[in-house]
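Listed here are the chains, written in short residue letters.
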Amino acid sequence: MPLLTASRMERLLAADSASVESEIGAPIPEWWASEVERLMRFRLQQISEMPASEPWLLRPIVLRDSGEGPRVIGYLIFHGLPDDRGFAEVGYGLQLDYRGQGYAIEAVRAMFDWAAREHDVHRFRASISPGNDRSENLVRKLGMAHVGAQWDDDDGLELIYTVDGWEPAA
């Protein structure tokens with residue numbers, strides 16, 4: 001999954017998607033750019049305050065073997081650097097047409113493996129809205145356990161899932 005660096009996010013926000021598409025090897029659909037616009041602006045601010053967070057923040061999920069050429073079908077993020085307890089929090093979104101086909105779990109697993117291999121991070125968490133059965137199913141398949149709940153000012157009640165001791169695939 002290609003990284004959306006600050007430079008790439010700035011170009012996307014300035015409606016220069018062609019150069020970013022060339023760099024990531026896939027067209028960026030209009031729905032994607034508009035869906036993640038607020039997220040890109042937030043992550044750019046985060047990078048300006050803490051440049052080391054950039055590789056953790058935003059990646060498009062690119063389906064390479066679609067039969068129609070590569071295509072962006074969603075996004076994946078960590079919400080920032082691992083916290084003071086060593087947990088990196090994952091977030092993701094997938095276009096409706098691609099849900100339930102294993103793409104999200106493959107992408108999350110790849111990001112967990114990246115964090116474990118490249119940064120020696122083996123603790124992950126996810127915050128999920130109650131009733132989001134697909135996401136709850138996904139994190140359970142990854143071995144994550146429900147450990148509590150929290151209130152998020154933007155999203156309301158969230159269920160917290162964690163995994164401690166993640167080992168990347170061989």
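Residues numbered from 1 in each chain as written. Predicted model: local features only at pLDDT ≥ 70, side-chain atom pairs only at ≥ 80, totals over all residues. Heavy atoms only, no water.

Participant: Help me out: how do you make sense of the pattern of salt bridges in this one?
Facilitator: Where charged atoms from two side chains of opposite charge approach closely, those side chains can pair. Evaluated as defined, the whole model comprises eight salt bridges. With its nearest N and O atoms 3.0 Å apart, the salt bridge here joins E37 to R41. Of the two residues, E37 and R41 both sit in helix α4 (residues 37–49), four residues apart, roughly one turn of that helix. Judged by its relative accessible area of 45%, R41 falls in the partly exposed class. Salt bridges here are not isolated pairs; linked through shared partners, they connect R8, R11 and E23. (Salt bridge = Lys/Arg side-chain N within 4 Å of Asp/Glu carboxyl O. Helix = DSSP H or I, 4+ residues; strand = E, 2+ residues; numbered from the N terminus. Buried < 20%, exposed > 50% of the residue type's maximum accessible area, 1.4 Å probe, protein only.)

Participant: I keep staring at the side chain of H122 and nothing clicks. Help me out?
Facilitator: Among the secondary structure elements, H122 is positioned in the loop between α6 (103–119) and β4 (123–128). Here D120 takes part through its side chain, which lies 2.9 Å from a polar atom of the side chain of H122. Setting aside its immediate chain neighbours within four residues, H122 contacts A116, V163, D164, G165, W166 and E167. (Polar contact = N/O pair within 3.5 Å; in protein donor to acceptor, adjacent residues only side chain to side chain. Contact = heavy atoms within 4.5 Å.)

Participant: Just checking my understanding: could you explain the sheet that holds strand β2 (residues 71–78) for this structure?
Facilitator: Strand pairing in a sheet takes place through backbone hydrogen bonds and is either antiparallel or parallel in direction. Here six strands make up an open sheet; going across it, the order is β1-β2-β3-β4-β6-β5 and the pairing mixed. Whereas interior strands pair on both sides, the edge strands pair on one side only; in this sheet they are β1 (59–63) and β5 (145–152). Taking the axes of each pair of neighbouring strands and ignoring which way they run, one obtains an average angle of 30° across the sheet. With seven bridges connecting them, β5 and strand β6 (residues 156–164) associate as antiparallel partners. Note on β6: the bridge partner recorded for G148 is I160. α6 rests against β1, β2, β3 (87–94), β4 and β6 of the sheet, and its axis sits at about 45° to β2. (Pairing = 2+ DSSP bridges. Axes fitted to C-alpha atoms, helices over the stretch in contact; angles between N-to-C directions.)

These results come straight from atomic positions and should not be treated as a statement about function.
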